Amino acid sequence: PGSSVSLWLMPSEGDAEYAKLQDLINRHSARLGMPSFAPHATLLGGVQLQGGQEGWKDVLYACYKLASELEPLEMTCKDAAGFPKWNQCLLCTMELTEELK
């Protein structure tokens, strides 16, 4: 069977918004006894990869190339919800902007 990857949009680690989001996630994760995670928006999830290591290299190269060509995005959270599944313990629905369409 092949592997799968998810494509995330993340704030820059040096950005003040990143620090605020990470602090918020860390505090609430600890309070709820859940693992912390990096602030991100999942653009695509569970994309199946074929081709072993070469498949990974192709995807990584394409993602880095695309990221280097794009301008930073401003994203706004529309709604927030929580679920029991560990990787969806906090789920924010983001506004769909023209850049994301």
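See the structure above.
First, a word on scope: everything that follows refers to the structure included in this document. From a predicted model like this one, the values you see are computed outputs, not experimental measurements.

For the structure shown, the criterion picks out four salt bridges. A salt bridge links Glu17 to Lys20; the shortest N-O distance between them is 3.1 Å. With a gap of three residues between them, Glu17 and Lys20 both fall in helix H1 (residues 16-32), about one helical turn apart. The partly exposed category is assigned to Glu17, whose relative accessible area is 44%. Since its relative accessible area comes to 52%, Lys20 is described here as exposed. Notably, a salt bridge pairs Arg27 with Asp23, separated by 3.0 Å at the nearest N-O pair. In this pair, Arg27 and Asp23 both sit in helix H1, four residues apart, roughly one turn of the helix.

Here we take up H1. Along an α-helix, residues three or four apart share an orientation, since each turn contains 3.6 residues. Taking 1.5 Å per residue, 17 residues should reach 24 Å; H1 reaches 24 Å between its end C-alpha atoms and fits that length. Among the residues of H1, those classed as buried are Tyr18, Gln22, Ile25 and Ser29. End-on, the buried residues of H1 take up no more than an arc of 65°, which puts them together on one face. Residues Ala16, Lys20 and Arg31 are exposed on H1 and point more than 90 degrees away from its buried face. Downstream of H1 by a residue or two, Gly33 has a phi angle that is positive, lying close to 70°.

Attention shifts here to the layout of surface pockets. Taken as a whole, the second largest pocket spans an internal volume of roughly 150 Å³. Here the residues of the lining of the second largest pocket are counted per class, giving eight nonpolar, two polar and no charged.

How each quantity is defined
Residues numbered from 1 in each chain as written. Predicted model: local features only at pLDDT ≥ 70, side-chain atom pairs only at ≥ 80, totals over all residues. Heavy atoms only, no water. Salt bridge = Lys/Arg side-chain N within 4 Å of Asp/Glu carboxyl O. Helix = DSSP H or I, 4+ residues; strand = E, 2+ residues; numbered from the N terminus. Buried < 20%, exposed > 50% of the residue type's maximum accessible area, 1.4 Å probe, protein only. Expected span 1.5 Å × (residues − 1). Arc of directions from axis to C-beta. 1 Å grid on protein atoms, 1.4 Å probe; cavity = no way out; pocket = protein on both sides within 12 Å on 5 of 7 lines; lining within 4 Å. Points joined across faces, edges and corners; volume = space filled by probe spheres on them. Nonpolar A, V, L, I, M, F, W, Y, C, P; charged D, E, K, R; others polar.

So far we have only geometry, and geometry alone does not tell us how the molecule works.
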